[in-house]
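# Overview (structure and organization)
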Amino acid sequence: MWISSDISPDVFFRSLFSNIHVLPSQRQTTPHTPAKHQNVADIKKLKSSGICTIKGIKMCTRKKLCNIRGFSEAKVDKIKEACAKVDTAGFLTALQVSDRRKQVFRLSTGSQELNKLLGGGIESMAITEVFGEFRTGKTQLSHTLCVSAQMPGENGYMGGKVIFLDTEHTFRPDRLRSIADRFNLDQSAVLDNVLYARAYTSEHQYELLDYVAAKFHEEAGVFKLLIIDSVMALFRVDFSGRGELADRQQKLAQLLSRLQKISEEYNVAVFITNQMTADPGATLMFQADPKKPIGGNILAHASTTRIALKKGRGETRIAKIYDSPDLPESEATFAITVGGIADAKD
């Protein structure tokens, strides 16, 4: 059904982001099972799976909910029915979506030129992917964002905490100290606001997202950025050859779908780095750069904004908008300094 223009988008979306604790009054119970105990147990199971809000349930398929231990098809149907009673809304007008987009914030990269290229910085409610060869500044940009995300910014942004998922063992706390010094921030406070987790397999990487979602819900509005460096490294290790390519892409699609939902559900920025690989077909087409980002079309379609990085002279690097729904194709030059990412000197 259509939503009339006099309904506030905040009221509409507040119902979607309601805690799943509002569901018990909507549930039916058996005579042998007290409502309180049954609902508390079910809600605990949902939260342990990283599903903490009404919208979180609406984002899950019945198949996924049935995979939760103790959830039968009948129970899942009742949960879905309860969600429908809490949220009876349908479509929004473009004007209402525009009003909702005012909640989106942007995180500074540390370089004014790079910020300008990105329309103000790394966008929330979106996945921003940077890819490039080794030594092009992907990890350095990740570390700089760990610090800049904690600083107040434009349009009333007050700063927040960061979660860093490391798949390549490239995270260095001491790097954050030197970047904090550049912005005259307390080193210990900066490090204390960054939650770090090391992922060892692609399955572990996906499982960590359940903890990420639970943390975002537990400290609502506190966390502003999720970084994965890098998103494809473990998939390249766990899946090999064309025989496992379809399975790899399916698992990758599930991971990226989870990231999209987390970014939208909790209004956080998701920043992922990606590797490159040689493209044998590019040489036949006489392309200047015979390399391409890995992940295929699955990753290309899931990322909101894609940024290609390449080396420049000395410590300078060049960033180019590779794909974006609202940014023009353009380039910017930045530098890697002791204090992180900064503008390149003329």
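Before going further, it helps to examine the overall build of the chain. In terms of regular secondary structure, the chain is built from 15 helices and 13 strands. Across the 346 residues in the chain, those meeting the buried criterion constitute 47%. Carbon and sulfur atoms form 53% of the exposed surface of the chain, whose accessible area is close to 17700 Å².

As a further point, take the sheet that holds strand β12 (residues 331-337). Hydrogen bonding along the main chain pairs the strands of a sheet, whether they run parallel or antiparallel. Taking strand neighbours across the sheet as the criterion, the nine strands line up as β5-β4-β6-β7-β3-β10-β11-β12-β13 in an open arrangement whose pairing is mixed. At either margin of the open sheet sits one strand with a lone partner, and together these are β5 (194-198) and β13 (340-343). Taking each pair of neighbouring strands and ignoring which way they run, the sheet shows an average axis angle of 25°. Pairing geometry for strand β4 (residues 161-166) and β5, over five bridges, is parallel. Its bridge partner lying in β5, Asp166 is registered against Arg198.

A separate point is the nonpolar core. Formed by 34 residues in total, the largest nonpolar core has its most connected members in Leu107, Leu114, Leu145, Leu225, Ile227 and Phe271. Looking at which element gives the most residues to this core, the answer is helix α8 (residues 138-148), with four residues. Apart from the residues lying within four places of it in its own chain, the contact partners of Leu114 are Thr109, Leu141, Ala319, Ala332, Phe334 and Ile341. One finds Cys52, Leu234, Leu259 and Ala302 within the second-largest nonpolar core, a separate group that totals 31 residues.

Let us now look at the packing of aromatic side chains. Two numbers describe a pair of aromatic rings. These are the distance of the centres and the angle of the planes. What the rule picks out here adds up to eight aromatic pairs. Consider the rings of Phe164 and Phe171, whose centres lie 4.7 Å apart with planes at 50°: the pair is tilted. The exposure classification of Phe164 matches that of Phe171, with both residues buried. What links up through ring pairs into an aromatic cluster is the set Phe164, Phe171 and Tyr196. Geometry around Phe134 places Lys311 over its ring, the cationic atom sitting 4.2 Å from the centre.

Turning next to the pairing of strand β7 (residues 269-274). The element β7 is largely enclosed, with a buried count of six among its six residues. One ladder, built from six bridges, connects strand β3 (residues 126-132) with β7; its direction is parallel. The residue bridging Ile127 from the neighbouring strand is Val270, located in β7. Across four bridges, strand β6 (residues 223-229) lies against β7 in parallel orientation. Bridge assignment links Ile228 to a residue of β7, and that residue is Ile272.

Relative to the helices and strands, Arg317 resides in strand β11 (residues 316-323). One buried charged residue, Arg317, remains without a salt bridge, the closest side chain of opposite sign being Glu315 at 4.3 Å. A distance of 2.9 Å separates the side chain of Arg317 from the backbone oxygen of Arg135, its partner in a polar contact. Within the structure, the side chain of Arg317 is placed 3.1 Å from the backbone oxygen of Gly314, a separation counted as a polar contact. Not counting the four nearest positions on each side in its chain, Arg317 is found in contact with Arg135, Thr136, Gly137, Lys310, Lys311, Gly312, Ala332, Thr333, Phe334 and Ile336.

Parameters and conventions
- Counting from 1, residues in each chain are numbered in the order their sequence is written.
- Local features in this predicted model are restricted to residues whose pLDDT is 70 or higher, and side-chain atom pairs enter the listing and the counts only when it is 80 or higher, whereas totals over whole chains, interfaces and linings include all residues.
- As a convention, hydrogens and water are excluded, and side-chain values are obtained from all of the structure's heavy atoms.
- Only DSSP runs of H or I with at least four residues qualify as helices, and only runs of E with at least two residues qualify as strands; both kinds are numbered from the N terminus onward.
- When accessible area is computed with a 1.4 Å probe and restricted to protein chains, residues below 20% of their type maximum are described as buried, those above 50% as exposed, and intermediate ones as partly exposed.
- Note that accessible areas follow from Shrake-Rupley with a 1.4 Å probe, and for residues the cover is restricted to the protein chains shown.
- A pair of strands is considered paired only if DSSP assigns at least 2 bridges between the two.
- Comment: axis = line fitted to C-alpha atoms, over the contacting stretch for helices; angle = value between 0 and 180 degrees taken between N-to-C directions.
- For this analysis, a nonpolar core means a set of buried residues of the types Ala, Val, Leu, Ile, Met, Phe, Trp, Tyr and Cys, connected via side-chain atoms within 4.5 Å.
- Throughout, a residue-residue contact means that at least one pair of heavy atoms, one from each residue, lies within 4.5 Å.
- Paired rings are identified among Phe, Tyr and Trp, the last through its six-membered ring, by centres lying within 6.5 Å, and are further divided according to the angle between planes into stacked (under 30 degrees), edge-to-face (over 60) and tilted (the rest).
- Any Lys NZ or Arg CZ found within 6 Å of a ring centre and within 35 degrees of that ring's normal is scored as a charge over the ring.
- For the charge count, each Lys or Arg is scored as positive and each Asp or Glu as negative, with His and the chain ends excluded.
- Salt bridge, as used here: a side-chain nitrogen of Lys or Arg that lies within 4 Å of a carboxyl oxygen of Asp or Glu.
- Two N or O atoms count as a polar contact when they lie within 3.5 Å, although within protein this holds only if one can serve as hydrogen donor and the other as acceptor, and sequence-adjacent residues are included solely when both atoms are side-chain atoms.

It is worth stressing that arrangement in space is one thing and function is another; only the former is reported here.
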